[in-house]
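# Chains, contacts and geometry: an overview
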There are 2 protein chains.
Amino acid sequence: MSDIVIHCNEEKGQKFIKSVERKHFLFSFVTSYTKTCEIPGITVAGAEPDFLKFTPPADSEFLQYGFCKTIDVIPMTPDGKPTPALLTRAALDFANIPKVVINAGSEIYPKMPFVETNLPFGKNISVEPALERSTVKEAIDFGKMIGRTLASCTNCLVIGESIPGGTTTALAVLKSFGIGARVSSSMPENPESLKNEIVEKALKRSNSKEPYDVIANAGDPMIPFIAGMLSSASEITNVILAGGTQMTAVLALAEAIGYDKDRTALGTTSYIVDDKSANLLEIVKSISDIPVLSINPKLEDSKFSGLRAYSEGFVKEGVGAGGSIIASMLKTGIDSQRLLELIDKEYQRISSSK
Amino acid sequence: MSDIVIHCNEEKGQKFIKSVERKHFLFSFVTSYTKTCEIPGITVAGAEPDFLKFTPPADSEFLQYGFCKTIDVIPMTPDGKPTPALLTRAALDFANIPKVVINAGSEIYPKMPFVETNLPFGKNISVEPALERSTVKEAIDFGKMIGRTLASCTNCLVIGESIPGGTTTALAVLKSFGIGARVSSSMPENPESLKNEIVEKALKRSNSKEPYDVIANAGDPMIPFIAGMLSSASEITNVILAGGTQMTAVLALAEAIGYDKDRTALGTTSYIVDDKSANLLEIVKSISDIPVLSINPKLEDSKFSGLRAYSEGFVKEGVGAGGSIIASMLKTGIDSQRLLELIDKEYQRISSSK
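Residues numbered from 1 in each chain as written. Chains lettered and ligands numbered in written order. Predicted model: local features only at pLDDT ≥ 70, side-chain atom pairs only at ≥ 80, totals over all residues. Heavy atoms only, no water.

## Regarding the overall build of chain A
Defined as follows: Comment: elements are numbered from the N terminus, with helices defined as DSSP H or I runs of at least four residues and strands as E runs of at least two. Our radius of gyration is a C-alpha quantity, and the globule rule it is checked against amounts to 2.2 Å times the number of residues to the power 0.38. For each residue, the accessible area found with a 1.4 Å probe, counting protein chains only, is set against the maximum for its type, and the residue is called buried under 20%, exposed over 50%, and partly exposed in between. The contact rule is simple, with two residues in contact once any of their heavy atoms fall within 4.5 Å. Under the convention used here, a 1.4 Å probe and the Shrake-Rupley method define accessible areas, while residue burial counts only the protein chains that appear.
When helices and strands are counted, chain A shows 15 helices and eight strands. Relative to the compact-globule value of 20 Å for 354 residues, chain A shows a C-alpha radius of gyration of 18 Å, a close match. When the backbone C-alpha atoms are referred to their principal axes, chain A occupies close to 50 × 45 × 40 Å. Here chain A, with 354 residues, has 65% of them falling under the buried criterion. Put simply, 81% of the contacts in chain A that link residues at least 6 apart link residues at least 24 apart. Looking at chain A as shown, the accessible area adds up to about 12,400 Å², and 49% of this sits on carbon and sulfur atoms.

Okay, structure coming up:
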């Protein structure tokens, strides 16, 4: 497994890898929404504000079908940078890892079976609190229920997410907790000053560090829901939080709820770990001593410029791509060279099916 | 496992039991709805037509929480005959078997996370076709997707259902296929002539035996959905269809779709097998050579008259109770005497919490 790099707690990382190698994995994909993403300039995911809310269901459909139903096209920028769901799908399908889509506050339903929670979307944190306190509690409770069920069915539960604008709410939550965080962006020019401006507006409303208050004021529905999942699932089985800086906000809340740190790892791409505008590893270390696993998908060697763009600072991560590649490698032993061939093949397929 | 009785194909039944004993089980509960249940006199499940549609979500909530949220009370007749969900919950929780609730056409959502399919409810087959043909196809496709995912996570997928009025649509489907069926009722005085009258009305509209036509005209959303689940799940793992005569309509459709008969068993209570107004074993034999497993929950020995009523012809089965008890016994080795104590304890708990 030489392609997987262990950061932070090296010993725990080794132990984690040993306990899940060649075992059964289950991928869960949590879709959500925050109105914060509608602030112009905040995210690249989807071109127009109206289009943004279709990204999570479209990614869900792409994972399931290999094409989308809610929209006519596969999420991709006009110049051909594809959704990270492409990496996730290639990795999971090669390893025959089952997928479960969970809606925790997305406004639009995917046209496929999915787990529904009836949680509301998050409000725009620059103008008002994100959620009711009672919704935070409900999201945690529902996350615990689903985490328990899914964890009972696997040796390793991989949790990915899709929430446009989610790095901004994550930043607001981390800062509310007093954590010195800088977060990644899906764009090479990280709109840091815009993000900080939004975060300041949210923090001005409340200086409480009480965890439920923090999430209610500055968070989104994804954070408490996945924190709940992590809490119950890690009591039963191993958990990979598959994502970048958004997952550190989940960790920060999970510290308050409780979870098993010996059964938890964060899994992401090297593009996030290497992102100089962010400080993922420092954030994780300041919260917890869990290991971070990263994988370099070597997309700079791709045949397609849309995929090579990932190595140039675009997209970087999402839809649990990094954690899914790690899971696929741990289950099957596939290396990143062979996986890149599958990713290229998948890109070829969707490009020619247009 | 002397408490489990094998019927029909004895050899396959022995083999099935051997392959799942002490293994991992997963219980899925498919809730659905047909307007056919609103015909006065057709079902006891829920006292009033308006109340009927709350039975599937209330049963789901009871399985999850041990109490209901959608309605104030636990589904029970005024004289204390409880929902079969009580048996299901006691059996599954003792064996630590995870539960997944799936909504395949129920009008009311449970107040908890569940798998949503966005399938429509079935129309009243005495006045119009139950479903569009395209809905039948979609229900099968969605069932296949979910069946594949759940089957990948367990050694034995148990599938239970709740659809008020479902024995009538099952009868209509079986008769449409030309199978000489008599079906059970939740009441000791089975309203056979009323059911037959409704079935005749449905059959008069169409004499096609083409499977999609049959379900579209005379079925309900549960039948094609579970047939789809069975089809994909049995390719991967073992499946127990947990229910009575409704599951034979699923089997009849699954014959046309295809499924692995060496990995499939029907699991039910002895009250269904012994029901003289129905002919479960003959129906199964005329469709397929799969084994039928039955369990006598010995409710005649209960401390409570509401539970003893099951042995006097009331309720008999539902919410996958028989299959859940069988699964619990196969996983843990518990006998029916000990399980009855747990069922009595659960009845005591809900009676004193009123």
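## A word on the relation of the copies chain A and chain B
In summary, the two copies of the chain are related to each other by a rotation about an axis coupled with a shift along it. To keep it simple, the criterion reads: A residue counts toward the fit only if its pLDDT is at least 70 in both copies, and the copies are then superposed by least squares on the C-alpha atoms of those residues.
Structural alignment of chain A on chain B gives an RMSD of 0.0 Å, achieved by rotating through 180° and translating 0.0 Å along the axis. Considering both components of the superposition, the chain copies are consistent with a two-fold axis. Ranked by how close their C-alpha atoms come to the rotation axis, the residues of chain A are headed by Val-115 of chain A, at 2.0 Å.

## Things to note about the side chain of Ser-28 of chain A
Looking at where Ser-28 of chain A falls in the secondary structure, it is placed in strand β2 (residues 25-31). Note on Ser-28 of chain A: relative accessible area 0%, which makes it buried.

## Topic: the interface of chain A and chain B
Short version of the rule: Here's the idea: put two parts together, see how much 1.4 Å probe accessible area each one loses, and the total over both is what we call buried area. Should a side-chain nitrogen of Lys or Arg be within 4 Å of a carboxyl oxygen of Asp or Glu, the pair is scored as a salt bridge. N or O atoms closer than or at 3.5 Å make up a polar contact, with two conditions inside protein: a donor-capable atom paired with an acceptor-capable one, and, for residues adjacent in sequence, both atoms drawn from side chains. Gly is put with the polar residues, along with every residue not named as nonpolar or charged; the nonpolar set is Ala, Val, Leu, Ile, Met, Phe, Trp, Tyr, Cys and Pro, and the charged set is Asp, Glu, Lys and Arg. Only strands that DSSP links by at least two bridges are regarded as paired with each other.
With 22 residues of chain A in contact, the opposing surface of chain B contributes 22 residues. For the pair chain A and chain B, the summed buried area comes to about 1,700 Å², and 67% of that belongs to carbon and sulfur atoms. For chain A, the biggest contributors to the area lost against chain B are Pro-113, Met-145 and Cys-153 of chain A; these three give 29% of the whole. Linking chain A to chain B there are zero salt bridges. For the interface between chain A and chain B, the tally reads four residue pairs in polar contact (both at pLDDT 80 or more). Contributions of two or more residues to the side of chain A that touches chain B are made by α3 (55-65), β3 (99-103), β4 (114-116) and α5 (133-151) of chain A. If you tally residues by element for the side of chain A that touches chain B, the top one is α5 of chain A, at four residues. For the side of chain A that touches chain B, the class distribution of residues is 13 nonpolar, six polar and three charged. Where β4 of chain A and strand β4 (residues 114-116) of chain B come together, three bridges link them in antiparallel fashion. Bridged to Phe-114 of chain A within β4 of chain B is Glu-116 of chain B.

## So, the packing of helix α9 (residues 222-236) of chain A against helix α10 (residues 245-257) of chain A
Two numbers describe a pair of packed helices, the interaxial angle and the distance between the axes. Residue and element names in this part refer to chain A. Definition in use: Each axis is a line fitted through C-alpha atoms, taken for helices only over the stretch in contact, and angles between the N-to-C directions span 0 to 180 degrees. If an angle is under 35 degrees, it is roughly parallel; if it is over 145, roughly antiparallel; if it lies from 65 to 115, roughly perpendicular; otherwise it is oblique. In this scheme the handedness of a crossing depends on how the near helix is turned from the far one: anticlockwise by less than a right angle means left-handed, clockwise means right-handed.
At a minimum axis distance of 8 Å, the contact between α9 and α10 shows a crossing angle of 60°. For the element pair α9 / α10, the angle class is oblique. In the crossing of α9 with α10, the sense of the turn from one axis to the other is right-handed. Taken together, the residues of α10 that come into contact with α9 (itself represented by Met-222, Ile-223, Pro-224, Ile-226, Ala-227, Gly-228, Leu-230 and Ser-231) are Gln-246, Met-247, Ala-249, Val-250, Leu-251, Leu-253, Ala-254 and Ile-257.

## Examining the pattern of salt bridges
Residue and element names in this part refer to chain A. Taken as a whole and assessed by the stated rule, the structure comprises 32 salt bridges over all chains. Between Arg-338 and Glu-341 there is a salt bridge, with the nearest N and O atoms lying 3.6 Å from each other. Placement of the pair is Arg-338 and Glu-341 together in helix α15 (residues 336-352), with a separation of three residues, close to one helical turn. Among the ionic contacts, a cluster of salt bridges with common partners joins Arg-89, Asp-93, Lys-99, Glu-346 and Arg-349.

## Some thoughts on the packing of α5 of chain A against α9 of chain A
All names here are of chain A. At a minimum axis separation of 6 Å, α5 and α9 run at an interaxial angle of 35°. α5 and α9 meet at a crossing whose hand is right-handed. Contacts between α5 and α9 pair Val-136, Ala-139, Ile-140, Phe-142, Gly-143, Lys-144, Ile-146, Gly-147, Arg-148, Leu-150 and Ala-151 from the former with Pro-224, Phe-225, Gly-228, Met-229, Ser-231, Ser-232, Ala-233 and Ile-236 from the latter. Broken down by class, the residue content of the contact of α5 with α9 amounts to 12 nonpolar, five polar and two charged.

## Some words on the nonpolar core
It is characteristic of soluble globular proteins that their nonpolar side chains tend to be buried jointly. Our working definition: For the purposes of this section, nonpolar cores are sets of buried Ala, Val, Leu, Ile, Met, Phe, Trp, Tyr and Cys residues that join through side-chain atoms within 4.5 Å.
If you look at the biggest cluster of nonpolar residues, it comprises 249 residues, and the most contacted ones within it are Phe-225 of chain A together with Phe-225 of chain B. Ignoring sequence-local partners within four residues, the contact set of Phe-225 of chain B consists of Val-30, Ile-102, Ala-104, Thr-117, Leu-119, Ala-139, Phe-142, Gly-143 and Ile-146 of chain B.

## Comments concerning the confidence of the model for chain A
Under the convention used in this document: Here pLDDT means the predictor's own confidence in every residue, given as a number from 0 to 100.
Chain-level statistics for chain A give a pLDDT mean of 94 and a share of 97% at 70 or above. Our summary of model confidence lists the complex with pTM equal to 0.93 and ipTM equal to 0.89.

## Regarding the side chain of Asp-220 of chain A
Residues and elements named next belong to chain A. What counts, and what does not: Charged residues are defined here as Lys and Arg on the positive side and Asp and Glu on the negative side; His and the ends of the chain fall outside this count.
By the secondary structure assignment, Asp-220 is in the loop between α8 (211-218) and α9. Lys-195 provides the closest opposite charge to the buried, unpaired Asp-220, separated from it by 12 Å. Engagement of the side chain of Asp-220 in a polar contact is seen with the side chain of Thr-169, the distance being 2.6 Å. Within polar-contact distance, the side chain of Asp-220 engages the backbone nitrogen of Ile-223 at 3.0 Å. Excluding its chain neighbours within four sequence positions, the residues that come into contact with Asp-220 are Thr-34, Leu-131, Ile-163, Gly-166, Thr-169 and Ile-215.

## Quick word on the environment of His-7 of chain A
Residue and element names in this part refer to chain A. Among the secondary structure elements, His-7 is positioned in strand β1 (residues 4-8). Residue class for His-7 comes out buried when judged on its relative accessible area of 15%. In sequence terms His-7 and Leu-281 are 274 residues apart; their C-alpha atoms lie 7.4 Å from each other. With sequence-adjacent residues up to four places away left out, His-7 is seen in contact with Val-273, Leu-281, Pro-291, Val-292 and Ser-294.

## Quick word on helix α4 (residues 85-95) of chain B
All names here are of chain B. Burial analysis of α4 places nine of its 11 residues in the buried class, which makes it a mostly covered element. Those residues of α4 that fall on the buried side of the exposure criterion are Ala-85, Leu-86, Leu-87, Thr-88, Arg-89, Ala-90, Ala-91, Leu-92 and Ala-95. Those residues of α4 that are buried are in contact with β2 (25-31), α3 (55-65), β3 (99-103), α13 (305-308), α14 (321-332) and α15 (336-352).

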